[in-house]
Amino acid sequence: MNIRYLHTMVRVKDLDKTMEFFRLLGLEETRRIDNDKGRFSLVFMAPPGQEDCPVELTYNWDGDEGLPSDSRHFGHLAYRVGNIYEMCQKLQDAGVTINRPPRDGHMAFVRSPDNISIELLQEGEALAPAEPWASMENTGHW
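It should be emphasised that the depicted structure is a prediction, and the values quoted were computed from it without experimental measurement. (Residues numbered from 1 in each chain as written. Predicted model: local features only at pLDDT ≥ 70, side-chain atom pairs only at ≥ 80, totals over all residues. Heavy atoms only, no water.)

Draft legend 1. Representation of the packing of aromatic side chains in the model. Enumeration according to the criterion identifies 1 aromatic pair in this entry. Relative to Phe22, the ring of Phe21 has its centre 5.3 Å away and its plane inclined at 85°; by these criteria the two rings are edge-to-face. Each member of the pair, Phe21 together with Phe22, is buried. Positioned above the aromatic ring of Phe44, the side-chain terminus of Arg31 is 3.9 Å from the ring centre. (Phe/Tyr/Trp six-rings, centres within 6.5 Å; stacked < 30°, edge-to-face > 60°. Buried < 20%, exposed > 50% of the residue type's maximum accessible area, 1.4 Å probe, protein only. Lys NZ or Arg CZ within 6 Å of the ring centre and 35° of its normal.)

Below, the structure written as structure tokens:
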């Protein structure tokens, strides 16, 4: 039996705000489907050169009042980054809360505007512990 990964779908409440969050991570829009009859949009975003590994943002035009608290999300999305400290600083500078700081130089968690948990993992070996991350406490859930 042959199987191939296609995408991960997440429901979003504010498409523009969520797309901006994923752009901060470095993802780009690779494909979009606007369905007038079904009144929804599907936006696929992926890291450059990795178009075969997208996240599908599903946006219902008439709203989705259960978001973000109805637990119809899933565990988390995970991305490997070249420098976890630089990525966390970029996100923090843009107003994103670092829920689980990269105290170990290896792993951090943040959440999208739709409460989707995003795991960031340092490429290669963990970086040496550094401030302000090494002493930063967790914030909220991750």
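Draft legend 2. Region of the structure containing the pattern of salt bridges. Across all of its chains, the model carries 4 salt bridges by this definition. With a closest N to O distance of 3.7 Å, Glu20 and Arg23 form a salt bridge. Here the residue Glu20 and the residue Arg23 both occupy positions in helix H1 (residues 15–25), the gap between them amounting to 3 residues, near one helical turn. The exposure class of Glu20 is partly exposed, given its relative accessible area of 42%. Under the relative-accessibility criterion, Arg23 is labelled partly exposed at 41%. (Salt bridge = Lys/Arg side-chain N within 4 Å of Asp/Glu carboxyl O. Helix = DSSP H or I, 4+ residues; strand = E, 2+ residues; numbered from the N terminus.)

Draft legend 3. Structural context of the sheet that holds strand S8 (residues 117–122). Strand order across the open sheet formed by 4 strands is S5-S8-S7-S6, with mixed pairing between neighbours. Unpaired on one side and paired on the other, strand S5 (77–81) and strand S6 (98–100) mark the two borders of the sheet. On average, each strand axis in the sheet is tilted by 35° relative to the strand beside it, whichever way the strands run. Taken together, the 2 bridges between S6 and strand S7 (residues 107–111) define a ladder with antiparallel strand orientation. Note on S7: the bridge partner recorded for Ile98 is Val110. Relative to the sheet, H1 contacts S5, S7 and S8, its axis offset from that of S8 by approximately 5°. Its contacts with the sheet put helix H2 (residues 84–93) on S5, S6, S7 and S8, and the angle it makes with S8 is roughly 145°. (Pairing = 2+ DSSP bridges. Axes fitted to C-alpha atoms, helices over the stretch in contact; angles between N-to-C directions. Contact = heavy atoms within 4.5 Å.)

Draft legend 4. Spatial organisation of the environment of Ile116. For Ile116, the location among the structural elements is in the loop between S7 and S8. A relative accessible area of 2% places Ile116 in the buried class. Taking the C-alpha atoms as reference, Ile116 lies 9.8 Å from Thr18; in sequence the two are 98 residues apart.

Draft legend 5. Representation of the side chain of Thr58 within the structure. Inspection of the secondary structure assignment puts Thr58 in strand S4 (residues 55–60). Looking at Thr58, its side chain comes within polar contact range of the side chain of Glu56, at 2.9 Å. Apart from residues no more than four positions distant in its own chain, Thr58 is found in contact with Met9, Val10, Arg11, Val12, Ser41 and Leu42. (Polar contact = N/O pair within 3.5 Å; in protein donor to acceptor, adjacent residues only side chain to side chain.)

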